[in-house]
Amino acid sequence: GWASCSAKPPKASGERASRVAVSSMRRGVTLSTWIAAILSILIAATGAGVARRGDVDGSYSVETLVDALREAEGKGAVFAFGLGLYAAAFSSTLTVALGAALCLGSLLSDEDDAAW
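Predicted model only: the values in this text are computed from it and were never measured.

This paragraph deals with the layout of surface pockets. In this model, the largest pocket occupies a volume close to 670 Å³. What lines the largest pocket is a set of 23 residues, among which Leu42, Ile43, Thr46, Leu69 and Phe81 lie closest to the centre. Those elements that provide at least two residues to the lining of the largest pocket are helix H1 (14-53), helix H2 (62-73) and helix H3 (75-108). In terms of residue count, H1 provides more of the lining of the largest pocket than any other element does, 10 residues in total. A class-by-class count of the residues in the lining of the largest pocket yields 15 nonpolar, 4 polar and 4 charged.

Here it is, written out as structure tokens:
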């Protein structure tokens, strides 16, 4: 027999496949983290620009945000903001629907039902 688990010979495909899967997941997590960091910086910079430009009474409005984006980055930034806002709303809608379906499915199914 083998002295320890680390001394076992590698399986033909399973062990290598798991290393590849972990490597791929690490790349995905790294990429996602960088994208989130960049978006956070952009959101903070936009907020600072809107705060500097704010209305006399200090209130916030979408018009102020759009004007600040248009002045700083042009019409493309306003379009990208609108598209991002739409995508966020759409993904939230899907998440709520999926969560409600899973919740109802778990409430209405038998405990032994493996489909849910």
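Still more ground to cover, so stick around.
Time to look at H3. Under the 1.5 Å per step criterion, the end-to-end length of H3 is 50 Å for 34 residues, consistent within 8% with the ideal 50 Å. Buried residues of H3: Ala77, Val78 and Gly105, and no others. Where H3 is buried, its residues meet H2.

Conventions we followed
Residues numbered from 1 in each chain as written. Predicted model: local features only at pLDDT ≥ 70, side-chain atom pairs only at ≥ 80, totals over all residues. Heavy atoms only, no water. 1 Å grid on protein atoms, 1.4 Å probe; cavity = no way out; pocket = protein on both sides within 12 Å on 5 of 7 lines; lining within 4 Å. Points joined across faces, edges and corners; volume = space filled by probe spheres on them. Helix = DSSP H or I, 4+ residues; strand = E, 2+ residues; numbered from the N terminus. Nonpolar A, V, L, I, M, F, W, Y, C, P; charged D, E, K, R; others polar. Expected span 1.5 Å × (residues − 1). Buried < 20%, exposed > 50% of the residue type's maximum accessible area, 1.4 Å probe, protein only. Contact = heavy atoms within 4.5 Å.

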